[in-house]
Amino acid sequence: MDEVRVEDAGCLPGVPDAFQRLWTPHRMVYIQGENKPADAGEGACPFCRAPGLPDPEGLIVHRGEHVYAVLNLYPYSPGHLLVCPYRHVSDYTELTGPEVAGIAELTRQAMTVLRKVSHPAGFNLGMNQGEVAGAGIAAHLHQHVVPRWLGDANFLPVVGQTKALPQLLAQTRDLVSAAWSNL
């Protein structure tokens, strides 16, 4: 049987070949768990910390009475927002009536704002309840509002396990926040 030889990928950057590479080293911090809360408590929770920061630093685009909208630090697509209650709560059934209404209203507003700013063809909306369901931060409930465009899920995620994001988070935050204030 022939011995299998694995190429050292470290020597490939800059070596000409038939492939074009899209390097996304910023994603490695997410994959390796950087910025994940050390525990499920409020002190370690980024969704509890963000409202105490200035909006640009916390990536907050809008504040409501019971909930707020913030850009996802590791977006699936430009404009990927999270609608979060201020209160540290993990399960949808634990929300108060005003929190449920606030999440619904800010989700509607987020869709309106994102349509105005970036003209998506559709949206994915949803909550992942618990780690087993895919929640990256299971201790603090959050609703995803993900704008989608025709062709945005091209070969890159399937073949290259890579997403191409054409806009920096600060640029997206400024556009969305400005459009929200004009709502």
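Before reading further, recall that the structure is shown in the block above.
Throughout this description, residue numbers start from 1 for each chain and increase along the sequence as written. Selection of residues for local features in this predicted model requires a pLDDT of at least 70, selection of side-chain atom pairs for listing and counting requires 80 or more, and totals for whole chains, interfaces and linings are taken over all residues. For the side-chain quantities, the full set of heavy atoms in the structure was used; hydrogens and water were omitted.

### Regarding the sheet that holds strand β3 (residues 81–85)
Hydrogen bonds between backbone groups are what pair the strands of a sheet, and the pairing can be parallel or antiparallel.
And then number 1: Spatial ordering of the open sheet is given by β1-β2-β3-β5-β4, a layout of five strands whose pairing is antiparallel. In the strand order of this sheet, the two ends are held by β1 (60–63) and β4 (122–126), each with one partner. Each adjacent strand pair in this sheet contributes to an overall mean axis angle of 20°, direction not counted.
And then number 2: In terms of strand pairing, β1 meets strand β2 (residues 67–71) through three bridges, oriented antiparallel. A pair of strands is considered paired only if DSSP assigns at least 2 bridges between the two. In this text, helices come from DSSP runs of H or I with a minimum length of four residues, and strands from runs of E with a minimum of two, each type numbered from the N-terminal end. Interaxial angle, 0 to 180 degrees, is taken between N-to-C directions of lines fitted to C-alpha atoms, where a helix line uses only the stretch in contact.

### Regarding helix α4 (residues 97–118)
And then number 1: In this model, α4 (22 residues) spans 31 Å end to end at C-alpha, consistent with the 32 Å of a helix rising 1.5 Å per residue.
And then number 2: Contacts are assigned to residue pairs with any non-hydrogen atoms lying within 4.5 Å of each other. On its buried face, α4 sits against β1, β2, β3, β4, β5 (143–148) and α6 (169–181).
And then number 3: Among the residues trailing α4, H119 stands out with phi positive, at a value near 50°. Any helix carries an expected span of 1.5 Å times its number of residues minus one.

### Structural notes on unusual backbone geometry
And then number 1: Of note, the phi angle at L59 is positive, near 60°, even though the residue is not glycine.
And then number 2: Within the secondary structure, L59 sits in the loop between α3 (55–58) and β1.
And then number 3: Owing to a relative accessible area of 13%, L59 belongs among the buried residues under this scheme. Classification of residues uses two cut-offs on accessible area relative to the type maximum, computed with a 1.4 Å probe and protein chains only: under 20% is buried, over 50% is exposed, and between them is partly exposed.

### Remarks on the state of the cysteines
And then number 1: By definition, disulfides here are pairs of cysteine sulfur atoms that lie within 2.5 Å. Enumeration according to the criterion identifies zero disulfides in this entry.
And then number 2: Sulfur of C45: no disulfide; nearest cysteine sulfur belongs to C48 and is 3.8 Å away.
And then number 3: Overall, the relative accessible area of 1% leaves C45 in the buried class.
And then number 4: Of the cysteine sulfurs around C84, a residue in no disulfide, the closest is that of C45, at 8.0 Å.

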